[in-house]
Amino acid sequence: MILNMGPQHPSTHGVLRLLLEIDGETVVKCIPDIGYLHTGIEKTCEAKFYQQVVPLTDRIDYLCPMTNNLTYCLAVEKLLQLEIPPRAQYLRVLLNELTRINSHLVWLGTHALDIGAMTVFLYCFREREQLLRIFENVSGQRMMTSYFRIGGVSLDPPLDFWSKVKDFIDKFPKRVDEYEGLLTSNPIWIERTRGVAHLTADDCIALGVSGPTARASGIDWDLRRDMPYSSYEKFKFKVPVAASGDVYARYLLRVQELRESNSIARQALEGMPQGPFKSDAPKVVLPDREKMKTQMEALIYHFKIVTEGFSVPAGEVYQAVESPRGEMGYYVRSDGTAKPYRVHMRGACFANLHALEKLCVGRLLADVVAAIGSIDIVLGEIDR
Amino acid sequence: MPQPAITDLEQLKDRPAVAALQAASLVESVKLDRDELTIYINRADIRQACETLRESPQTKFNFLCDVTCVDVFPSEPRFEVIYHLLSHSRKERVRLIAKVPGGDPSIESLMGVWPSVNFFEREIFDLFGLRFLGHPNLRRIMMPEDWEGHPLRKDYPVEGYR
């Protein structure tokens, strides 16, 4: 029998349609059908100035907007060969780790909800609300932050930002204990997740799986540690790796990542350097408002950047960062004008979704829900 | 300003990826730009080049990150298929580019080398109209099945109707 699951289904985390061929309760074949959220962002990018693409990158993966901002900004900065001041780099690391916590919290809440543990969702969204208020405080927006700019960040954070972040970081490890208390040794949770949707390390390599899903199968690879960017080499953190490669391993691994991210955010907060928050490149970076009102050149640069954009030397780069879901890569090609010739996003979910068939085939129908939740997909990023 | 790109094969022949491919005489040209190595491959050799880079003990590019395409319309050859390879053990990336003419937009599929190319090749087929020979399920993936045209081609308008 062929069963249609989705596109409107609460446990597909967006608009994913699955064609499931089942024999009794066992899944024989699983064909994902995607494209329901395709908005042609890659095409739109080609018609925008480089700085106008930043808000588009938020919309790809709405659970980790800062990670997408960062990847795109790093790629264009690599094309321009811009130096980023240390304060901006640390701010980016701090916000990226908070974004990772935010994303993992949504994942944990919805994943547990899918499997039937309702309470966790309420706990996770309590902390997420606190994080969204921090994002609103720093960027003016709760979800589509667009806070990073090519050459730094848009503004220095407001004064009460630091105390809010510190308050969150201090309390968060206790909160993770609460989530773990609800799930880690819960017999129903273990029954539904242990040994389910198994993936080996070789499968991960062959199917292009990256991020926490690959690390839960024993692939010891984290771009933050192995190919550091944005001064991640200055931070001390562990990369959790598990061997069993099932849904339970992915859950444990992401919970450990929550703790590690909190520790990185603490290091970034405590070691936050003073100094400028954007680089000294008047042709690329918008000037301060103060300068615009007192200096003629600043006003001219501002006018030129806003009306004509800035030209980027011809070339092509691929920049990848470790997003909460895996390797997020941006391929940007410039032909020397003010608009990108081509922007391509390598979404981690797009590759990870490909492994779904491997995860589901031969398992029970009820495990499909657990498998989808465990690879943590965001359909906005898959369809772009 | 960025340093000018190095395109001299002699200067780059010690790079493991270039050396491995040159041993099998698969290199058309090379480019080192902004610390990123690009190797241009003839489209007929792309499968062999990927297998060489994956198997050779000097390169060990075990992971295929990304496949994408660029349309350089109106110049010819019109399409560039771009492969980003990653080596987990050597912590290195390499970019392979195969140029495909607009008159015959087809290239061999890499499904036999990395099954992960499945969705990427379908996406390129859908949005650029390139055919991947040997792909078992080359159907549209983003656009509806009955869509006409390939949206990411440069002669396809950003706004309005065609």
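Summarised in this report is the structure supplied together with it. (Residues numbered from 1 in each chain as written. Chains lettered and ligands numbered in written order. Predicted model: local features only at pLDDT ≥ 70, side-chain atom pairs only at ≥ 80, totals over all residues.)

**Considerations on the overall build of chain A**
- For chain A, the helix and strand inventory stands at 17 helices and eight strands.
- Taken against the 2.2 N^0.38 rule, which gives 21 Å for 384 residues, the C-alpha radius of gyration of chain A at 21 Å falls within 12% of a compact globule.
- Judged by the C-alpha coordinates and their principal axes, chain A covers about 75 × 45 × 35 Å.
- The buried share among the 384 residues of chain A stands at 51%. (Helix = DSSP H or I, 4+ residues; strand = E, 2+ residues; numbered from the N terminus. Rg over C-alpha atoms; globule rule 2.2 N^0.38 Å. Buried ≥ 20, exposed ≤ 12 C-beta atoms within 10 Å, placed from the backbone.)

**Focus: the overall build of chain B**
- When its secondary structure is counted, chain B shows four helices and seven strands.
- Mapped from its N terminus to its C terminus, chain B presents α and β elements in the order α-α-β-β-α-β-β-β-β-α-β.
- A globule of 162 residues ought to have a C-alpha radius of gyration of about 15 Å, and chain B, at 17 Å, matches this closely.
- Projected onto its principal axes, the C-alpha positions of chain B cover 50 × 40 × 25 Å.
- Among the 162 residues that make up chain B, the fraction classed as buried is 39%.
- In chain B, the share of contacts with a sequence separation of at least 24, taken over all contacts with a separation of at least 6, comes to 49%. (Contact = placed C-beta atoms within 7 Å.)

**Let's talk about the environment of Asn186 of chain A**
- Here Asn186 of chain A lies in the loop between helix 6 (159-183) and helix 7 (187-193).
- Along the chain, Asn186 of chain A and Ser279 of chain A lie 93 residues apart, while their C-alpha atoms are 50 Å from each other.

**Structural notes on the packing of helix 6 of chain A against helix 11 (residues 247-270) of chain A**
Residues and elements named next belong to chain A.
- At their nearest, the axes of helix 6 and helix 11 sit 10 Å apart, and the two run at 160° to each other. Considering the angle they form, helix 6 stands roughly antiparallel to helix 11. Here helix 6 runs over helix 11; the crossing is left-handed. For the pair helix 6 and helix 11, the contacting residues are Trp162, Val165, Lys166, Ile169, Phe172, Pro173, Val176, Tyr179 and Glu180 in the first and Val255, Leu258, Arg259, Asn262, Ala265, Arg266 and Leu269 in the second. (Axes fitted to C-alpha atoms, helices over the stretch in contact; angles between N-to-C directions. Parallel < 35°, antiparallel > 145°, perpendicular 65-115°, else oblique. Left-handed = near helix turned anticlockwise from the far one by under 90°.)

**Points about the interface of chain A and chain B**
- Facing the 33 residues of chain A at the interface are 29 residues of chain B.
- Mapped by element, the contributors of at least two residues to the side of chain A that touches chain B are helix 1 (41-45), helix 8 (201-207), strand 6 (315-323), strand 7 (326-334), strand 8 (342-346) and helix 14 (348-353) of chain A.
- Looking at side-chain class alone, the side of chain A that touches chain B contains 14 nonpolar, ten polar and nine charged residues. (Nonpolar A, V, L, I, M, F, W, Y, C, P; charged D, E, K, R; others polar.)

**Points about the nonpolar core**
- By size, the foremost hydrophobic cluster in this structure holds 158 residues, and its most contacted members are Val76, Leu356 and Ala371 of chain A together with Ile39, Val81, Leu85 and Leu130 of chain B.
- It is helix 4 (residues 86-115) of chain A that contributes the most residues to this core, 14 residues altogether.
- Ignoring any residue separated from it by four or fewer positions in sequence, one finds Val81 of chain B in contact with Val67, Cys69, Ala98, Val100, Ile107 and Leu130 of chain B. (Core = buried A, V, L, I, M, F, W, Y, C linked by C-beta atoms within 7 Å.)

**Some remarks on the sheet that holds strand 3 (residues 26-33) of chain A**
All names here are of chain A.
- In spatial order, the strands read 1-2-3; together these three strands make up an open sheet with antiparallel pairing. One side of each edge strand has no neighbouring strand; the edge strands of this open sheet are strand 1 (2-5) and strand 3. Geometrically, the sheet is characterised by an average inter-axis angle of 25° between neighbouring strands, direction not taken into account.
- As defined by bridge partners, strand 1 adjoins strand 2 (residues 17-23) across four bridges and the pair is classed as antiparallel. Along strand 2, the bridge assignment pairs Asn4 with Leu19. (Pairing = 2+ DSSP bridges.)

**Describing the pairing of strand 1 (residues 27-33) of chain B**
Residue and element names in this part refer to chain B.
- Judged from the six bridges that link them, strand 1 and strand 2 (residues 36-41) form a sheet pairing that is antiparallel. Bridge pairing in strand 2 links Leu32 to Leu37.
- Hairpin connection of strand 1 to strand 2: two residues between the antiparallel strands, including Arg34 at a positive phi of 50°.

**Points about helix 6 of chain A**
All names here are of chain A.
- Look at helix 6: 37 Å from first C-alpha to last across 25 residues, which is about the 36 Å you get at 1.5 Å a residue.
- Along its length, helix 6 reaches its greatest deviation from straightness, about 40°, at Phe172, and the proline Pro173 lies no more than four positions downstream.
- Every buried residue belonging to helix 6 is among Val165, Phe168, Ile169, Phe172, Tyr179 and Leu183, and all of these are buried.
- Where helix 6 is buried, its residues contact helix 4, helix 5 (118-139), helix 7 and helix 11. (Expected span 1.5 Å × (residues − 1). Bend = angle between axes of the 7 residues up to and from the residue.)

**Remarks on unusual backbone geometry**
Residue and element names in this part refer to chain B.
- Note the cis peptide between Phe73 and Pro74, where omega equals 10°.
- For Pro74, the position within the fold is in the loop between strand 3 (63-71) and strand 4 (79-87).
- A positive phi angle, close to 45°, is found at Ser25, a residue other than glycine.
- With respect to the helices and strands, Ser25 occurs in the loop between helix 2 (16-23) and strand 1.
- A count of 7 C-beta atoms within 10 Å places Ser25 in the exposed class.
- Although it is not a glycine, Lys91 adopts a positive phi angle of roughly 50°.
- By secondary structure assignment, the location of Lys91 is in the loop between strand 4 and strand 5 (92-100).
- For Lys91, a count of 12 C-beta atoms within 10 Å corresponds to the exposed category.

**Here's the deal with the pairing of strand 4 of chain B**
Residues and elements named next belong to chain B.
- Among the nine residues of strand 4, seven are classified as buried, and the element is accordingly described as predominantly covered.
- Here eight bridges tie strand 3 to strand 4, and the two strands are oriented antiparallel to one another. Along strand 4, the bridge assignment pairs Cys69 with Val81.
- Where strand 4 folds back on strand 5, the antiparallel hairpin that results is connected by four residues, among which Lys91 adopts a positive phi of roughly 50°.

Read these as layout, nothing more, since geometry by itself doesn't imply function.
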